[in-house]
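Observations on the three-dimensional arrangement
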Amino acid sequence: MVNQHLDIRAIVLAGGLGTRLRPAIGDLIPKPLAPVNGAPFLDHVLGNLEFSGIRKVTLSVGHLAFQFVSQYQNGYGNLNVSIESEESPLGTGGAFVRCAQTTSEPLILVLNGDTLLDYPIDKMLDTLGEKCVGVSLVSIAKEDGRASKVQLDSEGYLRTFNSRTQSLQGLSYSGVTLIKKDALARVPMLRPPFSIEEGVFEKLAQDGSLAGLVTEQPFIDIGTPDSYRAIRDNR
């Protein structure tokens, strides 16, 4: 039986414009709601969260926000879903901080609404400690260069978190981090819009308090027409 993680709130970042994907889905639906296997892609993301024992989710939305409200205002399965809509673009970092400041849960699982993978919550929880305020899932780097490249030290802590450099270890960020809410007090906030990698994770990595958990699970990304068509046609 899967543990229910009632002290964790998942924040799903789903507010992007999705301009790269428009050649494949048009401009009338937001990227996370692109159809895959007869359902919005975000349904699969939420289904994985539910299966992992998460019960509380905040969707951070912006572009075509009303469609998310229509789809999820009554929740999803056993998930209690709240929706936070940004009036102007905040970037992934600004959107995350805005949602995190309104949550009461001490732990936050932050993830992207356009990627899908399994969430080893128990392993991530085991990694957290007094020194470690967050755990990011990392995987073998994709060749397309879109994901942030990371470096791990001998103790498993992230030392670099930067999309502009190559990872000698061949690792990239998988888009999922479990973080203590109070860790945000350590991070000087930038003015939105800013990315979560630049504004939060890079700073925690420099502080030596962000661990990396290597996962061999494949992760699915629908950020480009080619990657979307591959999963749409094969899932």
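To start, this report covers the structure provided alongside it. Just so you know, the residues in each chain are numbered from 1, in the order the chain's sequence is written. For this predicted model, a pLDDT threshold of at least 70 governs which residues receive local features, and a threshold of 80 or more governs which side-chain atom pairs are given and counted, while totals over whole chains, interfaces and linings are taken from all residues. Only hydrogens and water are removed before side-chain values are computed, so all heavy atoms of the structure are retained for them.

Across four bridges, the pairing between strand β9 (residues 149-152) and strand β10 (residues 158-162) is antiparallel. In the sheet register, Lys149 faces β10, and the bridge partner there is Asn162. When DSSP finds at least two bridges between two strands, those strands are taken to pair. Counting from the N terminus, the helices are DSSP H or I runs at least four residues long and the strands are E runs at least two residues long. Turn length for the β9-β10 hairpin, with the two strands adjacent in sequence and antiparallel, is five residues, and the turn residue Gly156 shows positive phi of about 90°.

A word on the environment of Leu152. Counting through the fold element by element, Leu152 comes out in strand β9. Here the alpha-carbon distance between Leu152 and Leu213, two residues 61 residues apart in the chain, equals 9.3 Å. Throughout, a contact is declared for two residues whenever any of their heavy atoms are within 4.5 Å. Excluding residues that lie within four positions of it along the chain, Leu152 makes contacts with Val138, Tyr157, Leu158, Gln169, Leu171, Gly212 and Val214.

In this section: helix α6 (residues 196-206). Remark: exposure states derive from per-residue accessible area (1.4 Å probe, protein chains only) relative to the maximum for the residue type, with buried under 20%, exposed over 50%, and partly exposed in between. Counting buried positions along α6 gives eight out of eleven residues, so the element sits mostly inside the fold. Taken together, the buried positions of α6 are Ile196, Glu197, Gly199, Val200, Phe201, Glu202, Leu204 and Ala205. The secondary structure elements touched by the buried residues of α6 are β1 (5-14), α4 (91-100), β6 (107-112), β10, β11 (171-180) and β12 (210-214). Backbone geometry just after α6 places Gly208 at a positive phi near 75°.

Between Pro192 and Pro193 the backbone carries a cis peptide bond, its omega angle lying at 5°. With a phi close to 55°, Asn37 is a non-glycine residue in the positive phi region. Of note in the backbone geometry, Leu64 takes a positive phi value of approximately 55° without being a glycine. By the secondary structure assignment, Leu64 is in the loop between β4 (54-61) and α3 (65-72).

Moving on, we come to the pattern of salt bridges. Within this document, salt bridges are pairs made up of a side-chain nitrogen of Lys or Arg and a carboxyl oxygen of Asp or Glu, the two lying within 4 Å of each other. What the rule picks out here adds up to eight salt bridges. Asp207 is paired through a salt bridge with Arg186; the nearest N and O atoms lie 3.1 Å apart. Separated by 21 residues along the polypeptide, Asp207 in the loop between α6 and β12 and Arg186 in the loop between β11 and α6 bring together distant segments of the chain. Connected through salt bridges with shared partners, the residues Arg9, Lys56 and Glu105 form a single ionic network.

Here Thr103 is to be found in the loop between α4 and β6. As for Thr103 and Ile8, which are separated by 95 residues in sequence, their C-alpha atoms are 9.8 Å apart. If we ignore the near neighbours within four places in the chain, the residues touching Thr103 are Arg9, Ile108 and Lys181. Under this definition, polar contacts are N or O atom pairs within 3.5 Å; protein pairs additionally need one hydrogen-donor-capable and one acceptor-capable atom, and for neighbouring residues in sequence, both atoms have to be side-chain atoms. In this structure the side chain of Thr103 is engaged in a polar contact, spanning 3.0 Å, whose partner is the backbone oxygen of Ala100.

Take the packing of helix α2 (residues 41-51) against α3 next. Axis definition: a line fit to C-alpha positions, over the contact stretch in the case of helices; interaxial angles, taken between N-to-C directions, run 0 to 180 degrees. Where α2 contacts α3, the axes come no closer than 12 Å and their chain directions differ by 55°. Here α3 runs oblique to α2, going by the angle between their axes. Note on packing geometry: the crossing formed by α2 with α3 is right-handed. Between α2 and α3, the residues in contact are Leu42, Asp43 and Leu46 and Phe68, Gln71 and Tyr72, respectively. When the residues that make up the contact of α2 with α3 are grouped by side-chain class, the tally is four nonpolar, one polar and one charged. Roughly parallel means an angle under 35 degrees; roughly antiparallel means over 145; roughly perpendicular covers 65 to 115; every other angle is labelled oblique. Crossing handedness is defined as follows: a turn of the near helix away from the far one that is anticlockwise and smaller than a right angle gives a left-handed crossing, while the clockwise case is right-handed. The residue classification treats Ala, Val, Leu, Ile, Met, Phe, Trp, Tyr, Cys and Pro as nonpolar and Asp, Glu, Lys and Arg as charged. All others, Gly included, are polar.

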